[in-house]
Structure formats: structure tokens, C-alpha cells
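Remarks on the overall topology
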Amino acid sequence: MRVLMNTGRSIRQGSYVERKNSQAYYDEASACRMHPVDMMDLGVEPGEHVRATGPAGSVVLHVLPADGVQRGEVFVTLGPYANHLVDAETRGTGMPDFKSTSIDLEPTGEDIATVAMLMEACGGVQYRGRDLE
Amino acid sequence: MKVVDVVCPFCGCLCDDLVVEVCDEKVVKVENGCTLASEKFLGDHRLQSPILREGFGWREIGYEEAISVAADILLAADLPLLYGWSGTHGEAQSVGVHLAEVLGGVIDNTSTVCHGPSILAIQEVGHPGCTLGQVKNRADVVVYWGANAIEAHPRHMSRYTTFTQGFFVKDAHLARTVIVVDTRRTETAEIADEFVQVEAGYDYEILSALRAIVRGREDVISGAVGGVAKTQLIRVAEICKRAKFGAIFFGLGLTMSAGKHKNIRNAIELVEELNRHTKWTISPMRGHWNVYGSNEVFTWISGYPFAVDFSRGIAFYNPGETTSVDILRRGECDACLVVGSDPGAHLPRACAAHLAKIPTIQLDPHVNATTHLATLQIPVAVSGIDAEGTAYRMDGVPIRVQKLVETKFPDDTEVLSAIYRRVREVKGQ
Ligand code: SF4
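Moving on to the overall build of chain A. Counting its secondary structure elements, chain A contains four helices and six strands. Order of helices (α) and strands (β) in chain A, N terminus to C terminus: β-α-α-β-α-β-β-β-β-α. In terms of overall size, chain A behaves like a compact globule, its C-alpha atoms giving a radius of gyration of 15 Å where 133 residues would be expected to give roughly 14 Å. C-alpha extents for chain A along the principal axes are approximately 45 × 40 × 25 Å. In chain A, which comprises 133 residues, the share counted as buried stands at 61%.

As C-alpha cells, then:
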């Protein structure tokens, strides 16, 4: 299913912004909020996983129903999961298309990567120190 | 010990009415703040010492070694990028600009991926803005456009608009009309008197339609624009024209969606149109507590608010070319210093991949996404908790954030000044 991805803040994303390696941040930043009718069309229940593929790559998210989101759109809080999909082209403005990226969704049984795993996929090295949480 | 009038260093509201209780050099209680403030003051998840990446592992090092490694990395680079700055105080931002100049690098702040387009629009057509105090005391119509204040700036409505008494607006909740324009029915939309739900990507057209209606040319509008019925647009335009004092606050819903800076230009021009009838102002909802400060500090030193390139020996500014996302996408910088920000989480994947490829130094109190990309992280004190300095509220009012507790961590200014001194020493300056 092709949808338009919108990104932005949420109070939970903001609350855990200084703990990006915590379970709570992982849950919030990897949530894909969508209209319940679109969820039915896609054949997914709340909490189930989808593989999202955008111009920059692909990432696994979990879905949550949200009445406020229009059909054909999804909302993912700003962060490393959404940014795994957004292209770095800015069309001469310096600003990527954070709120207007078309992505494809398909149901999947795959696991959701942690923030550290996503950064490792970008070429980084996971820090596993005692200060992680 | 109770400390009053504490400033919250989280979002651009920079609320200065918090009461914080400190016990044994630790914040134990926060009053008046929102959820975000409580997390900020009470959370204690600091990285305890500088860490240096070695192969596929990490080693804890001392501050002296960290500063010398950082200076060496920056000195060895042809084009270092100094990125972030919205999460630190003005004094550190100032050292950052001087450091970029002496290195011949690029310095850019996070407005490049938030209100950079707003700045471009303001440079085109000006900024009919005002302080939040004016809005609080006068505004009877408030518009939130592409901004979800309740989640991103939780006290904006209770301190400055909808729910607060003003000098000329006594019965605030009843006296103020709130209009929310958004693609999503957000929590902010739920409490609006008028919610205008737009189809994604149609803000520009809707702004143009409103301008036409305010000009008396509703005949040129079709039955619906961008998913909004003409009747609603006419109603909104009428509310705006009847206002005694109106204020538009816009968020990333305008700067990040199709049209970007042209959306903001159109919104400013709508305000110009409305000012032929009554008094209107427009202001960006600045996100990070001192992102506005980074624009101020960069401008007073270099002449430009963000994306300043010193590689030519002079300050050069060309958004789209000297902006961080573009520099990182093109793989142009060969080292990066990150201060008070998390580009690993907040820039597109290709940018994170380049940060992992080059030596990246991060000054940040916490382990974040960028930590996993970095070569070196130096933990610093948190401005507003264990470091003091100057910040600018979203309306440009400078406010000093306090140091509430003693700390073992140096602050951003101290670490940056030490790096700056070392760089100049090596350069023989
Ligand atoms: S609204 Fe912003 S500045 Fe005010 S208490 Fe909440 S996070 Fe802090």
C-alpha cells in the first residue's frame, strides 16, 4: 500500500528524547499511526509489524490506529526510523521532504531494529556502555 | 532548597516560572513545568566520561585527552562541519562561530531542518512579528497552522494564548477564538473553535485562497481548495478580519511540506493583507529552547543566521549548498563537530551514513543516536540545570538560564574554548 508519510513531534517522543536507547523511545519512534480503515485494507491489527520502504531505504515499524490521520497518510514521529526512509535531497532549500515522502507498506513478521542497530546499518558502531539507558 | 523563577531549557517557550526543589546537588521536584520539563529536570541518564571509538569498541578517556583528540581531528580536516547548537547557550554558540572561522569550516544550526525555510521567507518579505507578551495581552484570535502546540510546546496555550488572561483579554477562554489548520486532527485541533483540515501539500493553495477572500475576490475561488470547503474558508477569513488583534503561529507543517519557504512567504503575505483591515502578526513556533539564539548569535558574528561557510576566508551563505543536509549528502565535509543536537536521529539516513564515515565528535550529556556514529563523545553539563548561559525565547526575547546544581562536568563553553585555544596554538595564532 502506498501512503504519504508525515513526521512530527509527540509528547512521548519529546519525553524520551534524551533517552533514545530506551524501550519507551523505541516504542514511540517506531510507531506508524494510520487510519483504521487503511489498517483494514492492509490487513494489519494494532501492534503488528509492517515493512516501510521509502526513497532512502527500508525499515520495520509497528502500526497503531489513529482517527486523526487522514486516509492515505501515516504519521511517524520524527526520529531515526522515519529518517531511514526520507531522502536527503533538499531541492535547493536545505530542508528534506520530512512531511511529504511517499512510502510503501507491507505486513511483515520481521522484528523492529533498535536505534543502535539502525545506526550500525548506517556504518556506525554500537555503543553498549553502562550509560546507555 | 526551593528555587523559584527557574527557566525550562526544553522548548522554545522557555517558560520562566518553574519552581525547582534541589537536594544534595540533585533536582528532586519540579513544579509548574509540563511533562517535557519534568523529564528534562528529573531525568538523570548522563554519559559519565568522554568515550573514544577504537576499532569496534569504545574506551573511556579523560577530558584533556578528549580535547586534544578533538582539536587534532578538526585541524586535520579540509572542511569540518560544526553542526547543532540549538541545545546549548549563546556563549558556547559564540565560541563555535569563532572556531568555525579559524578552521575555515562550515557552521550550521538545527534551524536548517526546522525553521530554515521560515528564515528564507523572512529574508524575502520581512517579519511582522511581536513578543509573546503582546499576544497574551491583546490577541483575540489565534491561529496555529501546521503546529501541534499541545504536544510540541505544551504550555504555549496556557502561558501565552488560549487559556491565559491578558491585560485586554479578560475572560481568555471565551474571549479568544482559536483556529487550527492541519492535515491531522491533532490534540491541538480538538480544542480549536475552528479546525481546518487540509489535504497534505495544499497549504500554499489555501493561503492563496484566503488572501483572495480577504482582498474581496472570493469569486475566483472554486467550491473547495485543498480539501477545504469554500464556505469554511470564507468563515475563517471573516473571523480573521473581525479580530481586534490576531496572531498566527506556524510550525513545521508549513516549513517541511511541499512549498517549504514559499508557504511561509504566502502566510506572511496573508498577514500583510489582513493588516489592511486590522492588526495581525505571525511568528514561527521555534522548537528547541535556544534554536532562536543560534540564529541570533550566528547573525551578529557572521551576518548570517545558519549555514555559514568560512572555507573561502569570508562568511558565505547559500542555503541548498552550505546547509548541513546538502553537505553531508554530497559527502563534502571530512570531519564533524556536533554540539547540542542529534543528527543521527534527526537527519536523513544518507547524512547519518556520512557521519559514520568521517571522524565525528559529539558534545552531549547523553548517549543518543549520534553516539553510535561518533568517533568521540565528550559529556558536558546541561545548560539550565548544571550550567548557566543566555538563551533566546521563540519570540527573540533573551532569557538567562540558571545553574541549579554543582557538577563534575564542564559546560559546552569550557570544552569549546579549550578546543579553540588548542587549535589557535597549533596554527601559531
Ligand atoms: S512548554 Fe516548553 S519551556 Fe515550558 S515547561 Fe514545557 S517544555 Fe519547558
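Now for the state of the cysteines. Applying the stated rule across the entire model yields zero disulfides over all chains. With no disulfide of its own, A:Cys32 lies closest to A:Cys122 among cysteine sulfurs, the gap being 19 Å.

In this section: the interface of chain B and chain A. Chain B puts 66 residues into the contact, and the matching count from chain A is 55 residues. For the pairing of chain B and chain A, the buried interface totals around 4,900 Å² over both sides, and the portion due to carbon and sulfur atoms is 59%. Our count for the chain B to chain A interface comes out at three salt bridges. The residue A:Glu18 makes a salt bridge to B:Lys40 at a minimum N-O spacing of 3.1 Å. If you look at where chain B meets chain A, you find 20 residue pairs in polar contact (both at pLDDT 80 or more). Top element by residues in the side of chain B that touches chain A is helix α17 (residues 349-357) of chain B. It accounts for six residues. Each residue belonging to the side of chain B that touches chain A can be placed in one class, and the counts come to 31 nonpolar, 21 polar and 14 charged.

In terms of nonpolar packing, the biggest core is built from 55 residues, with A:Met5, A:Leu61, A:Val74, A:Tyr81, A:Ile103 and A:Leu105 touching the most fellow members. Leave out the neighbours within four places in its chain, and A:Tyr81 touches A:Tyr26, A:Ala29, A:Ser30, A:Val59, A:Val60, A:Leu61, A:Ile112, A:Ala113, A:Thr114, A:Val115 and A:Leu118. One finds B:Leu18, B:Cys130, B:Met157 and B:Val405 within the second-largest nonpolar core, a separate group that totals 41 residues.

Turning to the confidence of the model for chain A, a few remarks are in order. On average, chain A scores 94 in pLDDT, and the residues at 70 or more come to 97%. Looking at the elements of chain A, mean pLDDT is at its lowest for helix α1 (residues 11-15) of chain A, recorded as 87, and at its highest for strand β3 (residues 49-54) of chain A, recorded as 98.

Turning our attention to the sheet that holds strand β5 (residues 57-60) of chain B. Residues and elements named next belong to chain B. With mixed pairing, the nine strands of this open sheet are ordered in space as β5-β4-β19-β18-β17-β6-β7-β15-β16. The open sheet has two edge strands, β5 and β16 (316-317), and neither has a second partner. Together, β4 (51-54), β5, β6 (80-84), β17 (335-339), β18 (360-363) and β19 (376-378) form the strand contacts of helix α2 (residues 63-76), whose direction differs from that of β19 by roughly 130°.

Moving on to the pattern of salt bridges. Using the criterion set out here, one finds 37 salt bridges over all chains in the structure. With a closest N to O distance of 2.7 Å, B:Lys260 and A:Asp97 form a salt bridge. In this pair, B:Lys260 sits in the loop between α12 (252-255) and α13 (261-274) while A:Asp97 sits in the loop between β5 (73-77) and β6 (101-108), so the two residues belong to two different chains. Grouping residues by exposure puts B:Lys260 and A:Asp97 together as buried. A salt bridge links B:Arg276 to B:Glu273, with the shortest nitrogen-to-oxygen separation between them at 3.2 Å. Overall, the relative accessible area of 54% leaves B:Arg276 in the exposed class. Overall, the relative accessible area of 6% leaves B:Glu273 in the buried class.

Definitions and cut-offs
- Residues numbered from 1 in each chain as written.
- Chains lettered and ligands numbered in written order.
- Predicted model: local features only at pLDDT ≥ 70, side-chain atom pairs only at ≥ 80, totals over all residues.
- Heavy atoms only, no water.
- Helix = DSSP H or I, 4+ residues; strand = E, 2+ residues; numbered from the N terminus.
- Rg over C-alpha atoms; globule rule 2.2 N^0.38 Å.
- Buried < 20%, exposed > 50% of the residue type's maximum accessible area, 1.4 Å probe, protein only.
- Disulfide = S-S within 2.5 Å.
- Contact = heavy atoms within 4.5 Å.
- Buried area = accessible area lost by both parts, 1.4 Å probe.
- Salt bridge = Lys/Arg side-chain N within 4 Å of Asp/Glu carboxyl O.
- Polar contact = N/O pair within 3.5 Å; in protein donor to acceptor, adjacent residues only side chain to side chain.
- Nonpolar A, V, L, I, M, F, W, Y, C, P; charged D, E, K, R; others polar.
- Core = buried A, V, L, I, M, F, W, Y, C linked by side-chain atoms within 4.5 Å.
- pLDDT = per-residue confidence, 0-100.
- Pairing = 2+ DSSP bridges.
- Axes fitted to C-alpha atoms, helices over the stretch in contact; angles between N-to-C directions.

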